[in-house]
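Chain by chain, the residues:
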Amino acid sequence: MSGVETILFGIALLPLSGLIGCMFAARSTTGQRVASVVMAVGSTLGLCGMVAAFNDANPQSISLPWLLPWGRFAVAVDPISLLFLGPIFVVPTLGSFYGWGYWKPFEHPRSGRRLGLSCGFLAGAMAMVVIARDGVLLLIAWELMAISAYFAATAEEGNPDVRQAGWIYLIATHMGTLCLFAMFALWRHATGSFALEPAHAMPGGMAGAIFLLALTGFGFKAGLMPLHVWLPGAHANAPSHVSAVMSGVMLKMGIYGIVRLTGLLPAEASWWGGTLLCVGGVTGIAGIAFAIGQRDIKRLLAYSSIENVGIIAMGLGLALLGRSLGRADWIVLGLGGALLHVWNHSLFKPLLFFNAGAIIHATHTRDMDRLGGLAKRMPQAAFSFGVGALAISALPPLNGFVSEWLLYLGFFGALDPATGRPGAAVAVGAVVLATVGAMAVACFVKLLGTVFLGSPRSDAASGAHDPHASMLIPMGILMAGCAGLGLFPMAAVPVLEKAVRTWTVLDGPRGLSLAALAPFSSISVMGLLLLATVGALALSLRMFLRTRTIRKTNTWDCGYARPAARMQYTGSSFVQSIVHLFTFIILPKYSRPALRGLFPAQDQFKSTVLDLVLDRFAFPLFHVCGKYFSTLRVIQQGQTHLYLIYILTILFALIFWGSL
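Below is a summary of the structure that appears in this document. (Residues numbered from 1 in each chain as written. Predicted model: local features only at pLDDT ≥ 70, side-chain atom pairs only at ≥ 80, totals over all residues. Heavy atoms only, no water.)

In terms of regular secondary structure, the protein is built from 26 helices and 4 strands. Since a compact globule built from 660 residues should have a radius of gyration of about 26 Å, the 26 Å found for the protein is in line with a globular shape. Taking as baseline every contact in the protein between residues at least 6 positions apart, the subset at least 24 positions apart corresponds to 80%. On the protein, roughly 29000 Å² of surface is accessible, and the fraction owed to carbon and sulfur atoms is 68%. When the 43 positive and 26 negative side-chain charges of the protein are each reduced to one mean point, those points stand 8 Å apart. (Helix = DSSP H or I, 4+ residues; strand = E, 2+ residues; numbered from the N terminus. Rg over C-alpha atoms; globule rule 2.2 N^0.38 Å. Contact = heavy atoms within 4.5 Å. Areas by Shrake-Rupley, 256 points an atom, 1.4 Å probe, with all protein chains shown as cover. Lys, Arg positive; Asp, Glu negative; His and termini not counted. Charge placed at Lys NZ, Arg CZ, Asp CG, Glu CD.)

This next bit is on a nonpolar patch on the surface. Together, Val624, Tyr628, Phe629, Leu632, Val634 and Ile635 make up a nonpolar patch on the protein surface, roughly 630 Å² of accessible area in all. The topology assignment puts Leu632 in the loop between helix 25 (614-629) and helix 26 (640-659). (Patch = residues over 30% accessible without salt bridge, like charges linked within 9 Å, V, L, I, M, F, W, Y side chains within 5 Å. Salt bridge = Lys/Arg side-chain N within 4 Å of Asp/Glu carboxyl O.)

Further remarks concern the side chain of Ser305. Structurally, Ser305 can be placed in helix 11 (residues 297-325). Taking the relative accessible area as the measure of exposure, Ser305 reaches 0% and is therefore buried. For Ser305, the side chain forms a polar contact with the side chain of Lys349, separated by 2.9 Å. Other than its neighbours up to four places away in sequence, Ser305 contacts Ser247, Leu251, His345, Lys349 and Phe353. (Buried < 20%, exposed > 50% of the residue type's maximum accessible area, 1.4 Å probe, protein only. Polar contact = N/O pair within 3.5 Å; in protein donor to acceptor, adjacent residues only side chain to side chain.)

On to empty space enclosed by the protein. Tallied over the full model, the rule gives 5 cavities of 30 Å³ or more. Considering the residues around the largest cavity, the lining is formed by 29 residues, among which Gln32, Ser96, Gly112, Leu115 and Gly116 are closest to the centre. Only helix 1 (3-21), helix 2 (29-55), helix 3 (79-102), helix 4 (112-131) and helix 9 (240-264) provide two or more residues apiece to the lining of the largest cavity. The leading source of residues in the lining of the largest cavity is helix 4, at 7 residues. Residues of the lining of the largest cavity, tallied by class, amount to 14 nonpolar, 14 polar and 1 charged. By volume, the second largest cavity is sized at about 50 Å³. Considering the residues around the second largest cavity, the lining is formed by 10 residues, among which Val332, Glu497, Val500, Leu512 and Leu514 are closest to the centre. Counting residues per element, the ones that place at least two in the lining of the second largest cavity are helix 12 (328-363) and helix 19 (493-503). (1 Å grid on protein atoms, 1.4 Å probe; cavity = no way out; pocket = protein on both sides within 12 Å on 5 of 7 lines; lining within 4 Å. Points joined across faces, edges and corners; volume = space filled by probe spheres on them. Nonpolar A, V, L, I, M, F, W, Y, C, P; charged D, E, K, R; others polar.)

Think of a pair of aromatic rings as described by two things: how far the centres are apart, and how the planes are tilted against each other in angle. Applying the stated rule across the entire model yields 18 aromatic pairs. Ring centres of Tyr98 and Phe354 lie 4.3 Å apart, and the angle between their planes is 15°; this geometry places the pair in the stacked category. Taken together, the residues span a long stretch of sequence, with Tyr98 in helix 3 and Phe354 in helix 12 at a distance of 256 residues. Here the two residues Tyr98 and Phe354 agree in accessibility, since each one is buried. Centre to centre, the rings of Tyr102 and Trp103 are 6.1 Å apart; their planes meet at 35°, and the pair counts as tilted. (Phe/Tyr/Trp six-rings, centres within 6.5 Å; stacked < 30°, edge-to-face > 60°.)

Here the structure, examined in full by the defined rule, presents 8 salt bridges. When the shortest N-O distance is used, the salt bridge between Glu157 and Arg114 registers 3.3 Å. With Glu157 in the loop between helix 5 (135-153) and helix 6 (160-191) and Arg114 in helix 4, this pair connects stretches of sequence that are 43 residues apart. The exposure class assigned to Glu157 is partly exposed, which follows from its relative accessible area of 28%. We classify Arg114 as partly exposed; its relative accessible area is 27%. Ionic pairing is found between Arg366 and Asp296, a salt bridge with its closest N-O pair at 2.7 Å. Of this pair, Arg366 sits in the loop between helix 12 and helix 13 (374-377) while Asp296 is found in the loop between helix 10 (270-292) and helix 11, placing the two residues 70 residues apart along the sequence. A relative accessible area of 26% means that Arg366 is categorised as partly exposed. A network of salt bridges, in which partner residues are shared, links Asp78, Arg133 and Arg260.

What follows covers the environment of Ala234. By secondary structure assignment, the location of Ala234 is in helix 8 (residues 231-237). On the accessibility criterion, Ala234 (3% relative accessible area) is buried. Along the backbone, Ala234 and Gly166 are 68 residues apart, and their C-alpha atoms lie at a distance of 6.4 Å. Setting aside residues up to four positions removed in sequence, Ala234 forms contacts with Ala165, Tyr169 and Met246.

The N-to-C vectors of helix 7 (residues 204-222) and helix 9 enclose an angle of 165°; their axes lie 7 Å apart at closest approach. Viewed along their axes, helix 7 and helix 9 adopt a mutual orientation that is roughly antiparallel. For the pair helix 7 and helix 9, the crossing hand works out as left-handed. Across the interface between the two elements, Ile210, Phe211, Ala214, Leu215, Phe218, Lys221 and Ala222 from helix 7 touch Met250, Leu251, Met253, Gly254, Ile255, Gly257, Ile258, Leu261 and Thr262 from helix 9. (Axes fitted to C-alpha atoms, helices over the stretch in contact; angles between N-to-C directions. Parallel < 35°, antiparallel > 145°, perpendicular 65-115°, else oblique. Left-handed = near helix turned anticlockwise from the far one by under 90°.)

Between two packed helices, both the angle of their axes relative to each other and the distance between the axes serve to describe the pair. Look at helix 1 against helix 4: their axes get within 7 Å of each other, and the N-to-C directions meet at 165°. In terms of axis orientation, helix 1 runs roughly antiparallel to helix 4. Where helix 1 crosses over helix 4, the two elements pack in a sense that is left-handed. Contacts between helix 1 and helix 4 involve Leu8, Ile11, Leu14, Pro15, Ser17, Gly18, Leu19 and Gly21 from the first element and Arg113, Gly116, Leu117, Gly120, Phe121, Ala123, Gly124, Ala127, Met128 and Ile131 from the second. Grouping the amino acids of the contact of helix 1 with helix 4 by side-chain chemistry returns 11 nonpolar, 6 polar and 1 charged.

In this structure, Phe84 and Trp230 are the most contacted members of the largest nonpolar core, which totals 182 residues. At 20 residues, helix 12 tops the list of elements feeding residues into this core. Excluding residues that lie within four positions of it along the chain, Trp230 makes contacts with Ile168, Tyr169, Ala172, Phe220, Lys221, His235, Met246, Met250 and Leu251. (Core = buried A, V, L, I, M, F, W, Y, C linked by side-chain atoms within 4.5 Å.)

Pasting the structure below:
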């Protein structure tokens, strides 16, 4: 059996796992566990197929006719597919096992089997998207992925917030799909088929239109601003292991689409890369600015995902500019850094969502201002959350540092005087990336400080405890991945270099390699030294403290004789100065207390950060449209002869239009 056949067999088992789980009783834990085992078998087969395909010198493919009048059942596996298949086969399976402790069937009898079925179809559909080599097949898999994600994210459909988030997601994802329909129609017109094969010649205007439609259609799924409207609500209201899959894997399907289409198009104009670089920069800065202003722990992580998608888009923009300007080093570092960040984000973001789920499971709240002091009550979760926070903040020796470092090398390389003004403009990307990195550190310092340090701010936080082993083990595996890629990034270089060469198949990377441009061995040495130094300091501090009498008190007691939890910094007050700096982007809304007299009555201060696009533009626009469009209901009379008149009117109008 070839690698692609093994992968297809593994993909078939992923949705089958959910179907098997549906055969058991709604409250049966056996059904849930059998489904998880079947999903693990499918994922293992998929990973084995990936190894076989990677070692095969020739790309493996299958192309068969089908009953549909368009396209073919055409699938293939190349290094770009392999790079995106890895997270698809790993993260949903870990989420399935995480669900043993987080989403127990006897606690959720109405949604347990449906959730397992949706997750299985979601994983299988994502894998089909990545290996599809026909536009029609890709659209079918894309739609199946969108619908599966909708049912998985709305598992708690009784909650009005969940229903609203689900509808927004459904509308947004289908707006993106409409753009993809238009894109593949143009692709069919330009190339003569729906086959996803390199187009060696295409008019510049047609190629530009296809690029813009791909950027918009796939950008909806990736969460590029301002197309991100569905993402914060869907991630916040979905079960946490579904949020982990959506953020860690499904967003990357949008990135995959952009990478695949730009790799198939002929040499492009420089404005493609410039557009993607600007969109990525705006997405990165605005995403992390909105994350800083959140009180909801899952909305914070959702906006952080938008920020990381922005970083990936900046890398892709650098690579596209490299192709148009003939800079092979920009291609290798930009695309290599972006693809490595895809892997990295698929490790540390599910880790953070799993941790958030453990916190919510223990305290029954997502409001950070009602948490606090969890480091003492949930030490294992606090440690794994700390690892995830360090990784996503791009701090060494963890994996987030490596991918962003590659992008820094690419941006600083643009300062070469021979490049002229375009190079100086591209180098601004390093400033944007540094700004995003600094804000990410502030964001996760706020999160760690508010949630894990200090004293509990509620009774629920006081009674919290570490999660079950079935939830801790998936976190441990993801932590090991973050540390492994951070300390030994050379392990990822072979697949990254093959993916870069596949993407640049039309003009080639001109002999440059990622290993030659970036000294990965030095990263490993410095990372291990840093780890050894931190370990030695921690051991020395521990031995020193054993010889001293330690007076214990509350964190941040500020010298008060009787400090209380209410005296602590809240998440909002902790970052108030940073929120003030970015007021022009996030437009915070304040509800200030009215203090009158020497002894004012008790009042409250509240600050809210609404989404700029959804809450301040889309909702008001739809409200106005709904108000005025309701007048059109006069044409809907429920009488057959009127509808026949409408059809004939449109028919004659089309005939008239066609005769012009």
